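A structural walkthrough
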Amino acid sequence: MALMIGIPRETAAGEKRVATVPEVVEKLIKLGFKVAVESGAGDAANFSDDAYRAAGAEIIVGAPKLWAASDIVFKVVVPTPEEVGLMREGGNLIGFIWPAQNPELMQQLAAKKATVLAIDCLPRMLSRAQKMDALTSQAGVAGYRAVIEAANVFGRFFNGQITAAGKVPPAKVFIAGAGVAGLAAIGTAAGLGAVVRANDTRAEVADQVKSLGGEFVKVEYEEEGGGGGGYAKVMSEGFQQAQRDMYAKQAKEVDIIITTALIPGKPAPRLITAEMVKSMKPGSVIVDMAAERGGNCELTEPGQAVVKHGVTIVGYTDLNSRLAKQSSTLYGTNLFRLTEELCKTKDGIINVNMEDDAIRGLTVIKDGVVTWPAPAPKLPAAAAKPAVAKPAAAPAAHGHGGGGAPASATTTASIFGAAAVLFLLIGAYAPAAFLGHFTVFVLACFVGYMVVWNVTPALHTPLMSVTNAISSIIAIGALVQIAPPLSAGLDRPDGWIRWLAVAGIALTAVNMFGGFAVTRRMLSMFRK
């Protein structure tokens, strides 16, 4: 019998999101589930009851009836004790739980013999888990909205302009933290025309910052900041002092600071001090995206936008709800992708497979038994490096003279010697026409190798797809072999040569069309 998925109205103050949207309801029904939505659950996100009803959902009035009728409940915000009390015995709950911060909630859910999947516990290092990663999708929305909030209170244009009334310089924006939210903020601010700078403890994100149009500001202190799972780690005191010095310098120069630094389960690190705020130009803006956990700025007031020392400090904790329709759509899609993994048979029945690393990581309670924290997922083992054989000892020298030369030097000399002899023989006996073609071939190989070798690895896929398509000029040579010009007085090639040419044309055609197809798909990813 197909299970019922229930979508209650979110009861947290100021929360406008809803756990699924009408277009996702249709997909859930195709998986075999029935869907019930509490009346008014999507109103704040501009999804009406009629829209849900048209998508095939049942509308139920009142939270008690909705929770009682639901085998599986999709939630956005952590459920309250009252909502847990409404939950069916042995039911299923999917949503944000934050088990480390909510031990009492975990015990209440376990007492209900519930099975709970915490979307915030998804093992993000698994590549196939990306489609279910609600933390990433919601952080991207929040980063975008942070820039919009900054623009709302900033007193000038973001982009520079030259008008009849004078020249307007572009706004200078500094992003503290280049995770998902920070990168979204960088792209949005750069798109609005601002001069964007960013910093992160993880050096590997520098290329990502530059690709979005920002400038990466490096801390003059060598320490790696990757903490695993897509998060940064807590840095040493020496690094933090060097970072504070850099922030102090940026605070004096920029117009807008957006802070995103936050490590789950820990208070937000203090990056912007009161002294830094005082040093900022009047009319400047700080948007503190870590306000919910105390804030990265010393003067942040969570949930409020305040003006201190002439600087507007925005500490809103509901950035996602300020784009409720977009946030709900992305979140609903994340939960649908998770449901696909739970119901691969498409019969409306879920299977919480604890052998699946992604599902195991998400499952914090199974049939009333607390299973959190999950063991580390089994990542693919790195390929074993071949054992390096010890070089054989050089034989003792006999007679006059020193010891033998190193083996590597001898091998290299032998290779170059053989190549020199080969080229000498080719030059002495090969036809003049062959020498010209051979010279072009060698130079083409050398130039092509050097061009590809010096390209950033991140660009290899689009580069190779284009070069493969261009290299299809080989087809011309094969066509010449199949049908040589009659005017040249050449005989038709032997049968095996002709068939090799036919095979070359077939393979080159695949290469050519495949290269353009791959290139087109990659370019379409960057088109709006």
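Quick notes on the rules
- Residues numbered from 1 in each chain as written.
- Predicted model: local features only at pLDDT ≥ 70, side-chain atom pairs only at ≥ 80, totals over all residues.
- Heavy atoms only, no water.
- Helix = DSSP H or I, 4+ residues; strand = E, 2+ residues; numbered from the N terminus.
- Areas by Shrake-Rupley, 256 points an atom, 1.4 Å probe, with all protein chains shown as cover.
- Buried < 20%, exposed > 50% of the residue type's maximum accessible area, 1.4 Å probe, protein only.
- Pairing = 2+ DSSP bridges.
- Contact = heavy atoms within 4.5 Å.
- Axes fitted to C-alpha atoms, helices over the stretch in contact; angles between N-to-C directions.
- Core = buried A, V, L, I, M, F, W, Y, C linked by side-chain atoms within 4.5 Å.
- Salt bridge = Lys/Arg side-chain N within 4 Å of Asp/Glu carboxyl O.
- Right-handed = clockwise from strand over helix to strand, strands pointing away.
- Arc of directions from axis to C-beta.
- pLDDT = per-residue confidence, 0-100.
- Phe/Tyr/Trp six-rings, centres within 6.5 Å; stacked < 30°, edge-to-face > 60°.
- Lys NZ or Arg CZ within 6 Å of the ring centre and 35° of its normal.
- Patch = residues over 30% accessible without salt bridge, like charges linked within 9 Å, V, L, I, M, F, W, Y side chains within 5 Å.
- Expected span 1.5 Å × (residues − 1).
- Polar contact = N/O pair within 3.5 Å; in protein donor to acceptor, adjacent residues only side chain to side chain.

**Topic: the overall build of the chain**
A tally of helices and strands in the chain yields 17 helices and 17 strands. When the accessible surface of the chain is totalled, it reaches about 28,800 Å², and 62% of it is carbon and sulfur.

**Some remarks on unusual backbone geometry**
Of note, the bond from Trp-372 into Pro-373 is cis; its omega dihedral lies within 30 degrees of zero at 0°. The phi dihedral of Trp-98 is positive, around 50°, even though this residue is not glycine. Take Trp-98: it is sitting in the loop between strand E5 (92-95) and helix H5 (103-111). The class of Trp-98 is partly exposed, set by a relative accessible area of 28%. With phi around 55°, Lys-113 is a residue other than glycine that occupies positive phi space. Examined against the element boundaries, Lys-113 turns out to sit in the loop between H5 and strand E6 (115-118).

**Concerning the sheet that holds E5**
The sheet built from 8 strands is open, its strands ordered E3-E2-E1-E4-E5-E6-E16-E17 with mixed pairing. Each end of this open sheet is capped by a strand with a single partner; those strands are strand E3 (58-60) and strand E17 (369-370). Pairing analysis gives 2 bridges linking strand E1 (residues 4-7) to strand E4 (residues 72-74), with the strands arranged parallel. By the bridge assignment for E4, Gly-6 is matched with Val-73. Of the strands in this sheet, E4, E5 and E6 touch helix H11 (residues 324-342), which is tilted by about 135° from E5.

**Concerning the nonpolar core**
In this structure, Phe-74 and Leu-338 are the most contacted members of the largest nonpolar core, which totals 45 residues. Looking at this core, the elements with two or more residues in it are E1, helix H1 (22-30), strand E2 (34-38), helix H2 (49-55), E4, helix H6 (134-153), H11 and helix H12 (357-362). The element contributing the most residues to this core is H11, with 6 residues. Ala-178, Leu-183, Ala-185 and Ala-189 belong to the second-largest nonpolar core, a separate cluster that totals 30 residues.

**A look at the sheet that holds strand E13 (residues 285-288)**
The strand order E11-E10-E9-E12-E13-E15-E14 describes an open sheet built from 7 strands, whose pairing is mixed. At either margin of the open sheet sits one strand with a lone partner, and together these are strand E11 (215-216) and strand E14 (305-308). Alignment of strand E10 (residues 195-199) against E11, held across 2 bridges, turns out to be parallel. Within E11, the residue paired with Arg-197 across the bridge is Glu-215.

**Overview of the pattern of salt bridges**
What the rule picks out here adds up to 22 salt bridges. The salt bridge involving Arg-124 is made with Asp-133; its shortest N-O contact spans 3.1 Å. Neither Arg-124 nor Asp-133 differs from the other in exposure class; each is buried. Each of Arg-128, Lys-131, Glu-341, Lys-344 and Asp-356 takes part in a single network of salt bridges with overlapping partners.

**Notes on the pairing of strand E9 (residues 172-176)**
Counting buried positions over the 5 residues of E9 gives 4, a clear majority of the element. Relative to E10, E9 runs parallel, the two sharing 5 bridges. Opposite Phe-174, over in E10, you have Arg-197 as the bridge partner. Regarding the hand of the β-α-β motif, the stretch spanning E9, helix H7 (residues 180-191) and E10 is right-handed. With 4 bridges joining them, E9 and strand E12 (residues 256-259) adopt parallel strand pairing. The partner of Phe-174 across the bridge, within E12, is Ile-257.

**A few points about H5**
Inspection of H5 places Leu-105, Met-106, Leu-109 and Ala-110 among the buried residues, and these make up the whole buried set. Here the buried residues of H5 occupy an arc of 135° about the axis, which is enough to place them on one side. Opposite the buried face of H5, by more than 90 degrees, sit the exposed residues Glu-104, Gln-107 and Ala-111. Buried-residue contacts for H5 involve helix H4 (81-86), E5, E6, strand E16 (363-366) and E17. Taken from the residues just after H5, Lys-113 is the one with a positive phi, measuring 55°.

**A closer look at the side chain of Asn-320**
Structurally, Asn-320 is set in the loop between strand E15 (311-314) and H11. Assessed through its relative accessible area of 15%, Asn-320 is described here as buried. If we ignore the near neighbours within four places in the chain, the residues touching Asn-320 are Arg-17, Gln-138, Val-141, Ala-142 and Ser-327.

**Things to note about the confidence of the model for the chain**
Chain-level statistics for the chain give a pLDDT mean of 86 and a share of 83% at 70 or above. Note that residues 388-407 has pLDDT below 50 and, in this model, 3 contacts with residues that lie over four places away or in other chains.

**A short note on the packing of aromatic side chains**
Scanning the entire structure with this criterion turns up 6 aromatic pairs. Ring centres 6.1 Å apart and planes at 85° place the aromatic pair Tyr-221 and Phe-239 in the edge-to-face group. Taken together, the residues span a long stretch of sequence, with Tyr-221 in the loop between E11 and helix H9 (237-253) and Phe-239 in helix H9 at a distance of 18 residues. These aromatic residues form a ring-pair network of at least three members: Phe-96, Trp-98 and Tyr-331. Seen from the ring of Tyr-316, Arg-322 lies directly overhead, with NZ or CZ sitting 3.8 Å from the centre.

**Topic: a nonpolar patch on the surface**
The grouping of Val-421, Leu-425 and Tyr-429 at the surface amounts to a nonpolar patch, some 350 Å² of accessible area in total. As for its placement among the helices and strands, Tyr-429 is situated in helix H13 (residues 407-429).

**Regarding H6**
Taking 1.5 Å per residue as the helical rise, H6 with its 20 residues ought to reach 28 Å, and the 29 Å between its terminal C-alpha atoms agrees with that figure. Taken as a whole, H6 has its buried residues at Ala-134, Leu-135, Ser-137, Gln-138, Val-141, Ala-142, Gly-143, Arg-145, Ala-146, Val-147, Glu-149 and Ala-150. Taken together, the buried residues of H6 touch H7, E12, E13 and H11. Its side-chain oxygen 3.3 Å from the backbone nitrogen of Leu-135, Asp-133 forms the N-cap of H6.

**Overview of the side chain of Glu-149**
Mapping Glu-149 onto the fold places it in helix H6. There is a polar contact of 3.5 Å between the side chain of Glu-149 and the side chain of Arg-322. Sequence-distant contacts of Glu-149, defined by excluding residues within four places in its chain, comprise Tyr-316, Leu-319 and Arg-322.

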